[in-house]
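Chain by chain, the residues run as shown.
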Amino acid sequence: MNFVVCIKRVPDTEARIKIAADGKSIDPTGVQFIPSPYDEFAIEAALLQKEKAGAGEVIAVCLGPAEASGELRKCLAMGADRAIHLKDAHAHRDPASTAAILAKAIGDLSPRMVFFGKSSADHGNSQVGVQVAERLGLPSVSEIVTLEVEGDTAKAHREIEGGVEIVSTSIPAVFTAQKGLNKPRKASLKGIMAAKKKTIEELAYDEAPEGLEIVSLDPPPERQAGRIVGEGADAVPELVRLLREEAKVI
Amino acid sequence: MAKFTGVDFLDMDSLLSEEELLVRSSVREFVSEEVLPIIEHHNRAGTFPKELIPPVAELGLLGANIEGYDCAGLNNVAYGLIMQELERGDSGLRSFVSVQGALVMYPIYAFGSEAHREQWLPALAKGEKIGCFGLTEPDFGSNPGGMLTRARKDGNDWVLNGTKMWITNGSISDVAVIWAKNDEGEVEGFLVESDRKGFSSSDVEGKFSLRASVTSELYLEDVRIPEANRLPGCQGLKSALKCLSQARYGIAWGGIGAAMACYDEALRYSQTRIQFDKPIASFQLVQRKLVEMLNEITKAQFMTLQLGRLKDANKVRPAQISLAKRNNVAMALDIAREARDVLGANGICDEYQSGRHMCNLESVKTYEGTHDIHTLIIGHAITGIPAYE
Ligand SMILES: Cc1cc2nc3c(=O)[nH]c(=O)nc-3n(C[C@H](O)[C@H](O)[C@H](O)COP(=O)(O)OP(=O)(O)OC[C@H]3O[C@@H](n4cnc5c(N)ncnc54)[C@H](O)[C@@H]3O)c2cc1C
C-alpha cells in the first residue's frame, strides 16, 4: 500500500528574489531553497495516513534539479520510507509536462493515496495535482483542510467562499493540501540520521518541456509612500471617502 | 517578526553536509516557532521554560553527539549547529542543553560504568531526568583544583560534604555529577541523586543574566552514596576538565548564534527606522557597525567549523577550543552591545532581543573558564609557560 507525496523545491518564501540577466528566471545566488510550504502539509498527511493504515510505504517524489535531493532527504528525515528523484535539467517546466512525468512515475507505484500541496510557492499554478489525477484516471479533491478515511472512502473538508464544503470520494484518489490540514512534524535528529540510510532512487524519463514558456519576469512595482489624511475623528470622513473612491477597497 | 534565515556571507553552507543542513533547519524552525514566542516572558519572570523540555528531547537535542543509548549520534559539526541555533534563541536554553548533554551525559558516557550508562543515558536523552554538574564552589571558581568538597570512604559507601555554587539546573535536577576530593586529595566524580538524604539546594536570586535558566547552590551534608555511584573511569580533575572541553566547544558555536540574532535584529531595524528622512541604515556610521558585526560573525563561523572538523577527526586540542570559546563569546558580547546601540531607546526594552542576549552573554563570558582564563590557557600552549599562578 503506497502513499505518495510529491514535493517541489522552491526559493525560501523569505528570500529576496532577484531576476536573472535573462529576464525570465530568478538568480539563485544566495537564495535558500526549501520544499514548497504547502507540500509540507502533504508530507504530513501521507505520513499520518500510513500510520493510521499501519502498513505500506510513504514515497516522496520530486521532479527537480540535482540539488532537490536535499528536499527529498528532508522528507525521508520526516519519516518517508523512500524517495524518487526525477532529475530535471530544465530550469523551468510547465505544469502539463510536469504532470505527465509525475503521473508516469506515480502510476507505476499503484498508489492508494497521492498528496500534493495545493500550489507551489514559486509559480503557484495550482495545476499539477489535478492534472496528475486526470492522467491517472483518479478522483481528485483540492485544497483540503481535513481528511478522514474509512475503508475505501475518504471524506474531506474544503474551505470555499463563505463556508465549508464536505466532499466524499472513493480511494485511490489524489488530494491537494491547504494550510491547516495538519501541523507538519519537524525532522528529529534520529529521523535525520535514519534518513541517511534510506534510498533516493533516480528515475530517467524523456519529456521535453512543452507548450508554456515564460516570456519575462517583472518585479512587483515599488510600493507607493503612504499618506496621512489628518488626525483624530475629524479625519475619518476623508479617510472613508479615499478608501471608497481612490483605493476602492470598501 | 520576519523569519530568521541565518547569516552566511561566504557561503559556509557549501561546506556543510545535507545532514548538517537538515539538523540546523529543524532546530532553527523549532527556535522560531516554539522558543522565541515565550522566551521574553520567562526572561522577565526569571523562570526556566520547562515546557520546552519535552519538545527539545523529542527532537533529539539532548546528548545529540553521543552514540547509542537512545541518542542521535550526530557528528560534532551538526552538534555545534544545534548549539548555535539554540543560542540564537536564548543562552539560557542553550545552557540547559549544554549542561544536560556535555556536562552530565558526556561524563556518564565517558567515565561511567555500563550500568550507569544504561540507567541514566536514555532517561536523560528523553528529558525524563534532568542533570547538573557541580564543580564550582563559593571560594573556588577559576581554580577548581582548590575545591573543599570532600568524599570520605566509609566501608562500601562514600560520604560527601561540601557546597557547590553557580550550578546550572541545580534545583531541578534528578542527578548531580559532583566533583569531590577523596582522602588522598584526588578529585573523583560521583553521581548523586537529588533525593539522597543530606542533599539540598537553593536558587541564586537577582540575576540580570541567564534569567531563563536555573542557577543554584548545592549543599551536601553527610550525603551517603554507594561505591556504585562513583564514576569509575575518572582520572582526577583532568576528567572534569574534559567535560568542560565538550561544553566549551558547544559554547563556541552558541556565541555565533547569539551574535547572529543581534546582527539580524540590528540590520532589519536599521532598514526601517527613519531619522533625518532616511533609514538609519543609510548613514555611514551605522553601516560600519553592521559591517563590523558581519565581519566578526563570518570569521568566527569558519574558525569554528574547522574546530568542529578537527573534533570529528579526534584531533582537537583543548587550547584550540579555548581560542574559539574566547573569541566567539567576546565577539558576540560586542555585537550584542553594538546592536543594542543601533536600536536606540528601543534596544533597552525586551520587545527586542539584543538587550537580553547582551545580559546573557556576560554569564557566558564568565562560565566554562572566564575569558581571561582562556587567554592563559592559550598563552600556556604557545609559550610553554603556565601563568595561572
Ligand atoms: C550563570 C552561571 C552558570 C554556571 N553554571 C555552572 C555549572 O553548572 N557548574 C559549575 O561547576 N559552575 C558553573 N558556573 C560557575 C563558573 O564556571 C564560574 O563562575 C567560573 O569558573 C569563574 O569562577 P568565579 O565566578 O569564581 O570567578 P573567579 O575565579 O573568582 O574570577 C574572577 C575574575 O578574576 C579573574 N581571574 C581568576 N584567576 C585569574 C588568574 N589566574 N589570572 C588572571 N585573572 C584571573 C577571572 O578571569 C575573573 O575575571 C556558572 C556560572 C554562571 C555565572
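Conventions and cut-offs
- Residues numbered from 1 in each chain as written.
- Chains lettered and ligands numbered in written order.
- Predicted model: local features only at pLDDT ≥ 70, side-chain atom pairs only at ≥ 80, totals over all residues.
- Heavy atoms only, no water.
- Helix = DSSP H or I, 4+ residues; strand = E, 2+ residues; numbered from the N terminus.
- Buried < 20%, exposed > 50% of the residue type's maximum accessible area, 1.4 Å probe, protein only.
- Contact = heavy atoms within 4.5 Å.
- Areas by Shrake-Rupley, 256 points an atom, 1.4 Å probe, with all protein chains shown as cover.
- Lys, Arg positive; Asp, Glu negative; His and termini not counted.
- Charge placed at Lys NZ, Arg CZ, Asp CG, Glu CD.
- Near = heavy atom within 4 Å.
- Polar contact = N/O pair within 3.5 Å; in protein donor to acceptor, adjacent residues only side chain to side chain.
- Domains from an automatic or database assignment.
- Axes fitted to C-alpha atoms, helices over the stretch in contact; angles between N-to-C directions.
- Left-handed = near helix turned anticlockwise from the far one by under 90°.
- Buried area = accessible area lost by both parts, 1.4 Å probe.
- Salt bridge = Lys/Arg side-chain N within 4 Å of Asp/Glu carboxyl O.
- Phe/Tyr/Trp six-rings, centres within 6.5 Å; stacked < 30°, edge-to-face > 60°.
- Lys NZ or Arg CZ within 6 Å of the ring centre and 35° of its normal.

### A few points about the overall build of chain A
Right, on to step 1. A count of helical and extended segments in chain A gives six helices and 11 strands.
Right, on to step 2. By principal-axis analysis of the C-alpha atoms, chain A measures approximately 65 × 45 × 40 Å.
Right, on to step 3. Expressed as a percentage of the 250 residues in chain A, the buried residues total 42%.
Right, on to step 4. Across chain A, contacts joining residues at least 24 apart in sequence account for 70% of those joining residues at least 6 apart.
Right, on to step 5. Summed over all atoms, the accessible surface of chain A reaches about 13600 Å², with 51% contributed by carbon and sulfur.
Right, on to step 6. A distance of 6 Å separates the average location of the 31 positive side-chain charges in chain A from that of its 37 negative side-chain charges.

### Re the site of the ligand
All names here are of chain B.
Right, on to step 1. The ligand sits among 19 residues. The nearest are T136, S142, W166, T370 and Y388.
Right, on to step 2. Contact between the ligand and T168: a nitrogen atom at 2.8 Å from a side-chain N or O atom of the residue.
Right, on to step 3. Contacts to the ligand include Y388, whose backbone N or O atom sits 2.8 Å from a nitrogen atom.
Right, on to step 4. When contributions to the shell around the ligand are tallied by element, the ones reaching two or more residues are β3 (157-168), α9 (354-366) and α10 (371-383).
Right, on to step 5. Three or more residues apiece are contributed to the shell around the ligand by two domains, here domain 2 (131-229) and domain 3 (237-383).

### Notes on the packing of helix α2 (residues 69-78) of chain A against helix α1 (residues 18-45) of chain B
Right, on to step 1. Close contact between α2 of chain A and α1 of chain B brings their axes to 10 Å; oriented N to C, the two are set at 60 degrees. The handedness of the crossing between α2 of chain A and α1 of chain B is right-handed. Along its contact with α2 of chain A, which presents S69, G70, R73, K74 and A77 of chain A, the element α1 of chain B presents E18, L22 and E29 of chain B.

### Concerning the domain arrangement of chain B
All names here are of chain B.
Right, on to step 1. Under the domain assignment used here, chain B contains domain 1 (12-125), domain 2 (131-229) and domain 3 (237-383).
Right, on to step 2. Just the C-alpha atoms count here: the centres of domain 1 and domain 3 sit 19 Å apart.
Right, on to step 3. On the side of domain 3, 34 residues touch domain 1, which itself brings 31 residues to the contact.
Right, on to step 4. Across the interface of domain 1 and domain 3, roughly 2700 Å² is buried in total on both sides, 58% from carbon and sulfur atoms.
Right, on to step 5. Taken together, domain 1 and domain 3 are joined by four salt bridges.
Right, on to step 6. Here E20 makes a salt bridge to R309, at a shortest N to O gap of 2.9 Å.
Right, on to step 7. Across the contact surface, domain 1 and domain 3 share 14 residue pairs in polar contact (both at pLDDT 80 or more).
Right, on to step 8. Mapped onto the side of domain 1 that touches domain 3, the elements with two or more residues apiece are α1, α3 (76-89) and α4 (91-111).

### Focus on the packing of aromatic side chains
All names here are of chain B.
Right, on to step 1. Under the defined criterion, the tally for this structure stands at 10 aromatic pairs over all chains.
Right, on to step 2. Judged by centre distance (5.6 Å) and plane angle (90 degrees), the ring pair of Y269 and Y352 falls under edge-to-face. Of this pair, Y269 sits in helix α6 (residues 237-272) while Y352 is found in the loop between α8 (318-342) and α9, placing the two residues 83 residues apart along the sequence.
Right, on to step 3. R117 extends its terminal NZ or CZ atom over the ring of Y109, reaching a point 6.0 Å from the ring centre.
Right, on to step 4. Above the face of the Y249 ring, K311 is positioned so that its terminal group lies 5.3 Å from the ring centre.

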